[in-house]
Amino acid sequence: MALHVGLTGGIGSGKSTVAGIFQVLGIPVLNADSVAKNLMNQNPAIRAAIQEAFGEDIYANGLLQRKKLAAQVFNNPNELEKLNAIVHPASIAAAIEWANKQTSPYCVKEAALFFESGSSEGIDFMIGVSCPKSLRIQRVMHRDMVSREEVLHRMQNQIEESLKMRLCDAVLVNNNVDLLIPQVVQLHQSLLLLAAQKKAAIQTE
């Protein structure tokens, strides 16, 4: 069984960049947001629950109207909690199923809300990606073509970055100053060692 590694960080921290480096190194990566999107569009039970909670017209031509849903939940904690209660359990189960099928020494699940959603359970090693808040705001504004206020609203749905980083087993610094690739490569070597140790421990049980 592969070592299960989590990859997290605040919005705009560069999680996807780090995930891409792991993939270049031959490590399978699962994006939790992509899993959730697929479930919301393809899982009949989840579709029905979302329609019941947010209205029949939240889907159009068979597809979830993501901008319409976002407008309802991002500035409303109760509505966001309602959506997460529908989607997170199925998303977590799908990720566990995927991880258990992997044959590489370790695999990585990328998610922004590991600690917020409770999906950090079952993760053997957690990686955090740290980046100054001002730089994260700039990145998201440029990437998503949204205002500073919108980015700050999104950040309110995540726990404070310094706390999130303290909950991680290793932290990568992505601040446009420290070189990122050497940090990931060094961590890759450590994870290969941890994976070998886990495999040896399982075989001796």
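Residues numbered from 1 in each chain as written. Predicted model: local features only at pLDDT ≥ 70, side-chain atom pairs only at ≥ 80, totals over all residues. Heavy atoms only, no water.

Caption draft 1: Summary view of the overall build of the chain. Secondary structure assignment for the chain yields ten helices and seven strands. Against the globule reference of 17 Å for 205 residues, the chain gives a C-alpha radius of gyration of 18 Å, in line with a compact fold. Nonlocal contacts in the chain, meaning residues at least 24 apart in sequence, comprise 73% of its contacts between residues at least 6 apart. In the form shown here, the chain has an accessible surface area of approximately 11,100 Å², with 54% of it arising from carbon and sulfur atoms. (Helix = DSSP H or I, 4+ residues; strand = E, 2+ residues; numbered from the N terminus. Rg over C-alpha atoms; globule rule 2.2 N^0.38 Å. Contact = heavy atoms within 4.5 Å. Areas by Shrake-Rupley, 256 points an atom, 1.4 Å probe, with all protein chains shown as cover.)

Caption draft 2: Representation of the packing of aromatic side chains. Following the criterion strictly, the structure yields one aromatic pair and no others. Here the aromatic rings of Phe22 and Tyr106 are separated by 6.1 Å at their centres, their planes lie at 90 degrees, and the arrangement is edge-to-face. Placement of Phe22 in helix α1 (residues 15-24) and of Tyr106 in strand β5 (residues 106-110) is noted, with a sequence separation of 84 residues between them. Given the relative accessible area of 0%, Phe22 is considered buried. The lysine or arginine in question, Arg47, covers the ring of Tyr59, its NZ or CZ lying 4.4 Å from the ring centre. (Phe/Tyr/Trp six-rings, centres within 6.5 Å; stacked < 30°, edge-to-face > 60°. Buried < 20%, exposed > 50% of the residue type's maximum accessible area, 1.4 Å probe, protein only. Lys NZ or Arg CZ within 6 Å of the ring centre and 35° of its normal.)

Caption draft 3: Structural view of the confidence of the model for the chain. On average, residues of the chain carry a pLDDT of 92, and 100% of them reach 70 or more. Ranking the elements of the chain by mean pLDDT puts helix α6 (residues 114-117) last, at 83, and strand β7 (residues 170-173) first, at 98. (pLDDT = per-residue confidence, 0-100.)

Caption draft 4: Here's a closer look at the nonpolar core. Among the nonpolar cores identified, the biggest contains 21 residues, and Phe22, Ile127 and Leu191 are the most heavily contacted of them. Contributing elements (two or more residues each) for this core: β1 (3-9), α1, β5, β6 (125-130), β7 and α10 (180-203). Broken down by element, the residue count for this core peaks at five residues, all from α10. Excluding its chain neighbours within four sequence positions, the residues that come into contact with Leu191 are Leu3, Val5, Phe22, Tyr106, Phe125 and Ile127. Val35, Met40, Leu83 and Ala95 belong to the second-largest nonpolar core, a separate cluster that totals 18 residues. (Core = buried A, V, L, I, M, F, W, Y, C linked by side-chain atoms within 4.5 Å.)

Caption draft 5: Highlighting the pairing of β1. Within β1, seven of the seven residues are buried, which leaves it mostly tucked inside the rest of the structure. Judged by which residues are buried, β1 turns out to be covered on both faces: Leu3, Val5, Leu7 and Gly9 on one side and His4, Gly6 and Thr8 on the other are all buried. Bridge analysis of β1 against β5 gives five bridges, and the strand direction is parallel. Across the sheet, Leu3 pairs through a bridge with Tyr106, a residue of β5. (Pairing = 2+ DSSP bridges.)

Caption draft 6: Quick look at the side chain of Arg136. Tracing the backbone through its elements, the reader meets Arg136 in helix α7 (residues 133-144). Residues contacting Arg136, with those up to four places away along its chain left out, are Gly10, Ile11, Gly12, Ser13, Cys131, Met155 and Glu161.

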